[in-house]
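What the coordinates show
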Amino acid sequence: MRTIFRGYGVYKWNTHNNVQWIGNIDQYQDLTDIMYRLSRIDNVNMLKDVLKEVKGSFSFVILIDEKYYLCTDIAKSFPLFFDTLHGLISDSTEAMVGINNNQINDTNFGAILASSYTLKGKTIYENICQVSAGEIVVLDNTRIERTQYYRHLISSPNDCSIDELRVEFDNVLDCVFDDLIQSLHNKCVVLPLSGGYDSRLIAAALKKRGYTNVICYTYGIEKSGNEVQFSREVAKQLGFNWIFIEYTEHKWKQIINSDVINQYGDYASNGIVQPHLQELIALEELKNNRLIPEDSVFIPGFSADLPAGSFIRPEVLDIESLQGLTEYIYKYHYKQVKLDNKIEIDIKDDILKQLSETDLLASKETIIKLNDYWVTMNRVSQYIINALRIYDFFGFEWRIPFWDMRFLNFFYSLDSEKRVECNFYINYLFDGLFKEFSVDFRKPKIAIVRKKNDSSVKKILLKAYDVFSTIAYVKIGITTNPRHNINNYNYLSRILYEQLSNKHIMNTSFKGVMQMISLWWCENKYGSQQILKVEK
């Protein structure tokens, strides 16, 4: 096997005897013992034991007795790929394709087109696979052994009282944030502070522990709603510096027509995902205008709400079988284009296979577990976590405290009743940390627990207005003022729609900016013929 590593921006590959690694684990702990143990493993179980003790984000490649052990952290924050046919291990599908000219897999390409990301363990290329979140892959000549050392599955419910759970979660946050602060070495924290609760938790947790070297920022259209106002108020209340970056039509047009869009797109997409564009304007201004120190560390808030229960939607509670869950997942996540019937069937088969490999029998409780498992292993670890690429592309470190095993394990021990609509999580925040620092203002129209059929004519009409007004702007240029155009995405969607050389590749109604980014990027990178090949 041959290794080809490019690194991820500021993060470079390191070598210790027979162990190659990348990540920020050296900021969390002394590596002497870890590297000693990793260099002497002789089976998967020994490796599992070591990996469960490693703090921080990482990928490892270990060579022992002509076997390669490949492993990623439980978020897959540093993607790692392998091609046994051509004997390659790399962190870049671009580098691998450049050597062997791998063909595109139509099913995997269809998945990225319809959902913005490939399925777990897949890339869009034939023969090139990736190591999944929390997985160990052993390569022994042409034999491949895949083992999960960490599963994102809800465990047996914790039967403690709410008060006992709050004390336990206090202790979890203490451990996670104490380790986080130790890893920072007093560097400036740059916090993407939205109007939501996850980034606000980070801000309040840092304040509680006396960490004041913090700069908060947000971006978008200042008058678009409460997001900017809430961000500003949280930073002010906590005494942190705050930066706002306006997203204008001119800035979107400028960035889309610049060289940086293709450089970043190639770097970030890596054959597994559409590139995240949301923070591109913000990062370019923060860096180029020297608004933050060069050695700053970004701490985004993804994805505390996921294990807390944000994907337990009312529709999921009605599902009674794995086949039913498969249909729901496909309908909910693969709607950006209509795919060829065979490709649709192939994707559904893969979804069902993933659900079945957990060996859980279908029941109301296990359906909830399996939905969360699939979302975590596919949408989140494939797509959301890949948003980290914007930070290391511009040369900055990052941390993701909500992907600490201790944080996840706590929420994976809660029953679904405490997780529906993030019930325990939101109550904990507003009764505790948010109240303590007077940042306990809620996002509008949010209820801690929403009734299953809670809807109204007003809500339906407002949603219809949002959809209609956005389509009117994107397709025919009628200027409207949709309520949720926070990042001026309507203008970005219009630019991308206008740049499509073949408008027929948009074979569904307008679904939003993610749809437009997928169509624009895939046509720009792979051509409209490849898109038409997989569409219905």
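No experiment lies behind these values; they were computed from the predicted model shown. (Residues numbered from 1 in each chain as written. Predicted model: local features only at pLDDT ≥ 70, side-chain atom pairs only at ≥ 80, totals over all residues. Heavy atoms only, no water.)

Now for a positive patch on the surface. Judged by side-chain charge, Lys335, Lys338, Lys511 and Lys536 come together as a positively charged surface patch. Secondary-structure assignment places Lys335 in the loop between α12 (322–333) and α13 (341–356). Assessed through its relative accessible area of 42%, Lys335 is described here as partly exposed. (Patch = residues over 30% accessible without salt bridge, like charges linked within 9 Å, V, L, I, M, F, W, Y side chains within 5 Å. Areas by Shrake-Rupley, 256 points an atom, 1.4 Å probe, with all protein chains shown as cover. Salt bridge = Lys/Arg side-chain N within 4 Å of Asp/Glu carboxyl O. Lys, Arg positive; Asp, Glu negative; His and termini not counted. Charge placed at Lys NZ, Arg CZ, Asp CG, Glu CD. Helix = DSSP H or I, 4+ residues; strand = E, 2+ residues; numbered from the N terminus. Buried < 20%, exposed > 50% of the residue type's maximum accessible area, 1.4 Å probe, protein only.)

On to the nonpolar core, then. Residues Phe60, Leu70, Tyr217, Trp252, Phe298 and Tyr334 are the most contacted members of the largest nonpolar core, which totals 141 residues. Beyond its immediate sequence surroundings of up to four residues, Phe298 is in contact with Val190, Tyr217, Leu283, Leu286, Ile292, Tyr391, Phe396, Glu397, Trp398 and Arg399. If you look at the next biggest cluster of nonpolar residues, it comprises 47 residues, including Ile181, Leu238, Leu429 and Phe434. (Core = buried A, V, L, I, M, F, W, Y, C linked by side-chain atoms within 4.5 Å. Contact = heavy atoms within 4.5 Å.)

A few words on the sheet that holds strand β14 (residues 297–298). Ordered in space as β13-β12-β11-β14-β15, the five strands form an open sheet in which the pairing is parallel. At either margin of the open sheet sits one strand with a lone partner, and together these are β13 (241–246) and β15 (397–398). Looking at chain direction, strand β11 (residues 189–192) and β14 are connected through two bridges and run parallel. Along β14, the bridge assignment pairs Val190 with Phe298. (Pairing = 2+ DSSP bridges.)

Evaluated as defined, the whole model comprises zero disulfides. With no disulfide of its own, Cys188 lies closest to Cys216 among cysteine sulfurs, the gap being 9.5 Å. (Disulfide = S-S within 2.5 Å.)

Time to look at the sheet that holds strand β6 (residues 81–83). The mixed open sheet is built from four strands, whose spatial order is β1-β7-β6-β8. Of all the strands in the sheet, just β1 (2–4) and β8 (129–130) have a single pairing partner and so form its edges. Strand direction decides the pairing type here: β6 and strand β7 (residues 88–90), joined by three bridges, are antiparallel. Bridging across to β7, Phe81 finds its partner in Ser90.

The next point concerns helix α14 (residues 364–384). At Thr376, α14 shows its maximal bend, which comes to roughly 35°. The element α14 is extensively covered by neighbouring structure, given that 18 of its 21 residues are classed as buried. (Bend = angle between axes of the 7 residues up to and from the residue.)

A separate point is the pattern of salt bridges. If the charged atoms of two oppositely charged side chains come close together, the side chains can form a pair. Counted according to the given criterion, the structure contains 27 salt bridges. Note that Arg406 is salt-bridged to Asp404, the shortest N-O span being 2.8 Å. Salt bridges here are not isolated pairs; linked through shared partners, they connect Lys55, Asp179, Asp404 and Arg406.

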